[in-house]
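Analysis of the macromolecular model
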Amino acid sequence: MLKDVKAQAQQQEPPAPMPAREADKQQPFSSTLSGDLKRRLKMGAAAEGRKQYLVLEQALEEYLSRHHPELK
């Protein structure tokens, strides 16, 4: 199943990466996820040809922009 997702991802163009802010440096972060959510993250990221941390980073950016726009 994962092979099919990876093969499909190779046929599609990856989305443009989010622009990086020069002041932002990558910081270590650790957390846990349910097994099902981790599996879906892995498959979704593979389907898009992206790293899992980039998918999580984008999701957090969207969440914070929507729910806490005052935090910039």
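Residues numbered from 1 in each chain as written. Predicted model: local features only at pLDDT ≥ 70, side-chain atom pairs only at ≥ 80, totals over all residues. Heavy atoms only, no water.

1. What about a nonpolar patch on the surface?
Where nonpolar side chains cluster on the molecular surface, the patch consists of Leu-60, Tyr-63, Leu-64 and Leu-71 and spans about 380 Å² of accessible area. Secondary-structure assignment places Leu-60 in helix H3 (residues 52–67). (Patch = residues over 30% accessible without salt bridge, like charges linked within 9 Å, V, L, I, M, F, W, Y side chains within 5 Å. Areas by Shrake-Rupley, 256 points an atom, 1.4 Å probe, with all protein chains shown as cover. Salt bridge = Lys/Arg side-chain N within 4 Å of Asp/Glu carboxyl O. Helix = DSSP H or I, 4+ residues; strand = E, 2+ residues; numbered from the N terminus.)

2. Concerning the confidence of the model for the protein
Chain-level statistics for the protein give a pLDDT mean of 85 and a share of 68% at 70 or above. Of all helices and strands in the protein, the one with the weakest mean pLDDT is helix H1 (residues 2–11) (65), whereas helix H2 (residues 35–48) scores best (98). (pLDDT = per-residue confidence, 0-100.)

3. Section: the pattern of salt bridges
A full pass over the atoms with the stated rule returns three salt bridges. Across the salt bridge formed by Arg-39 and Asp-36, the nearest N and O atoms sit 2.6 Å from each other. In this pair, Arg-39 and Asp-36 are both assigned in helix H2, three residues apart and thus about one turn of the helix distant. By relative accessible area, which is 38% here, Asp-36 ends up partly exposed. Arg-50 serves as the salt-bridge partner of Glu-48, at 2.9 Å between the closest nitrogen and oxygen. According to the relative accessible area criterion, Glu-48 is partly exposed, its value standing at 35%. One salt-bridge network, in which partners are shared between bridges, spans Asp-36, Arg-39 and Arg-40. (Buried < 20%, exposed > 50% of the residue type's maximum accessible area, 1.4 Å probe, protein only.)

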